[in-house]
Amino acid sequence: MRYTYFKAFKPLFFIVSALVFTGNVASAQTQAAAATAAPAAAPVTGVQTFIDKFFKEYDKQGTARAVIDIFKSNKQMDSTRLTGIIVKIDSMRSVIGKYLGKDLIMQRKASNSLVLYSYLLKHEGQPARMTFMFYKPKNEWEIYRLYFDVDVDGELAESSRVTGKP
């Protein structure tokens, strides 16, 4: 008798489960769309000035001037590491062509003392990415890290892959 009772409600159970699952998927898709459409965070006062000056010098006066000037705010940076950054960026710039402009990819704020800005650099030959991390240990912002790479397209292509992990 109990077995018959369960058998009668089995289709109903599956229909309700399917409706609940479909509702959760739709809800997740709506939340993802809302997160994607969210406006970018407001620029952090002081940090945007550093970035604007950097790109102006990067375009008009070259890599060395831009990198040296932005790292004046960081007392911990030694000249050997600074030279390494300049050489890396200049060697890639010679391959990817003339700088044409930039687009903000993303901005993240870890706290009121640590922020990250990532930019797509438009060069004649291919895109590149410049990522700035700023840190405010006391009252003034300083450049903490500067990353430059040309694997933006590979990373974008990788993010579009569908992986079938169980």
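Engineer: Please give an account of the environment of Asn 139 that cites residues and values.
Structural biologist: Inspection of the secondary structure assignment puts Asn 139 in the loop between strand E3 (127–135) and strand E4 (142–149). The spatial distance from the C-alpha of Asn 139 to the C-alpha of Ser 113 is 9.2 Å, given a sequence separation of 26 residues.

Engineer: I'd like a description of the packing of helix H3 (residues 63–70) against helix H4 (residues 79–96), backed by residues and values.
Structural biologist: Packing of H3 against H4 brings their axes to within 9 Å, and their N-to-C directions diverge by 145°. By crossing handedness, the relation of H3 to H4 is classed as right-handed. Two secondary-structure elements touch here, H3 through Thr 63, Ala 64, Val 67 and Ile 68 and H4 through Leu 82, Ile 85, Ile 86, Ile 89, Asp 90 and Arg 93. Within the contact of H3 with H4, the residues separate by chemical class into 7 nonpolar, 1 polar and 2 charged.

Engineer: Explain the pattern of salt bridges to me, and be specific about the residues and the numbers.
Structural biologist: In the structure shown here, the tally under the stated rule is 6 salt bridges. Asp 59 is paired through a salt bridge with Lys 60; the nearest N and O atoms lie 3.6 Å apart. We classify Lys 60 as exposed; its relative accessible area is 66%. Put simply, Arg 161 and Glu 158 hold a salt bridge, and the shortest N to O gap is 3.5 Å.

Engineer: Got a sec to walk through the sheet that holds E3? Specific residues and values, please.
Structural biologist: Here we have 4 strands laid out as an open sheet, ordered E1-E2-E3-E4, and antiparallel in their pairing. Each edge of the open sheet carries a strand with a single partner, namely strand E1 (99–111) and E4. Each strand axis lies, on average, 20° off the axis of its neighbour in the sheet, ignoring direction. Relative to strand E2 (residues 114–123), E1 runs antiparallel, the two being bridged by 10 bridges. The residue of E2 that forms the bridge with Leu 104 is Tyr 119. The sheet contacts of H4 involve E1, E2, E3 and E4, and relative to E4 the element is tilted by about 35°.

Engineer: How would you explain the nonpolar core if you had to name every residue and give the values?
Structural biologist: Core analysis: the largest hydrophobic core is formed by 29 residues, its most contacted members being Phe 54, Phe 55, Tyr 58, Met 130 and Phe 132. Among the secondary structure elements, those contributing two or more residues to this core are helix H2 (47–60), H3, H4, E2, E3 and E4. Residue contacts for Phe 132: discarding those within four places in its chain leaves Ile 51, Phe 54, Phe 55, Ile 70, Val 115, Leu 116, Tyr 117, Tyr 119, Ile 143, Arg 145 and Leu 146.

Engineer: Can you break down the packing of aromatic side chains residue by residue, with the values?
Structural biologist: Aromatic ring pairs: the centre-centre distance and the angle between the two ring planes describe each pair. One pass over the structure, following the stated rule, counts 12 aromatic pairs. Judged by centre distance (5.3 Å) and plane angle (85°), the ring pair of Phe 54 and Phe 55 falls under edge-to-face. Of the two residues examined, Phe 54 and Phe 55, each falls in the buried class. Here Arg 93 stacks its cationic end above the ring of Tyr 58, 3.7 Å away from the centre of that ring.

Cut-offs and rules
- Per-chain numbering applies: the sequence of each chain, read as written, is numbered from 1 onward.
- Whole-chain, interface and lining totals are the exception, using all residues; otherwise, since this is a predicted model, local features are given only for residues with pLDDT of at least 70 and side-chain atom pairs are given and counted only at 80 or more.
- Calculated side-chain values reflect all of the structure's heavy atoms, with hydrogen atoms and water omitted.
- Secondary structure is summarised from DSSP: a helix means a run of H or I of at least four residues, a strand means a run of E of at least two, and numbering begins at the N terminus for each.
- The convention used is that axes are lines fitted to C-alpha atoms, helices contributing only their stretch in contact, and that angles between N-to-C directions extend from 0 to 180 degrees.
- Note: crossing handedness is left-handed where the near helix turns anticlockwise from the far helix by less than a right angle, and right-handed where it turns clockwise.
- Whether two residues are in contact is decided by their heavy atoms, any of which lying within 4.5 Å being enough.
- Three classes are used: nonpolar for Ala, Val, Leu, Ile, Met, Phe, Trp, Tyr, Cys and Pro, charged for Asp, Glu, Lys and Arg, and polar for all others, with Gly counted as polar.
- What counts as a salt bridge is simple: a side-chain nitrogen of Lys or Arg found within 4 Å of a carboxyl oxygen of Asp or Glu.
- Buried means the residue's accessible area, taken with a 1.4 Å probe over protein chains only, is under 20% of the maximum for its type, while exposed means over 50%, and partly exposed covers the values in between.
- Two strands pair under a simple rule: DSSP has to find at least two bridges between them.
- Joining through side-chain atoms within 4.5 Å is the link that ties buried Ala, Val, Leu, Ile, Met, Phe, Trp, Tyr and Cys residues into a set, and such a set is a nonpolar core.
- We call Phe, Tyr and Trp rings a pair once their centres come within 6.5 Å, taking the six-membered ring for Trp, and we label the pair stacked below 30 degrees between planes, edge-to-face above 60, and tilted otherwise.
- Cation placement over rings: the criterion is NZ of Lys or CZ of Arg within 6 Å of the ring centroid and within 35° of the ring normal.

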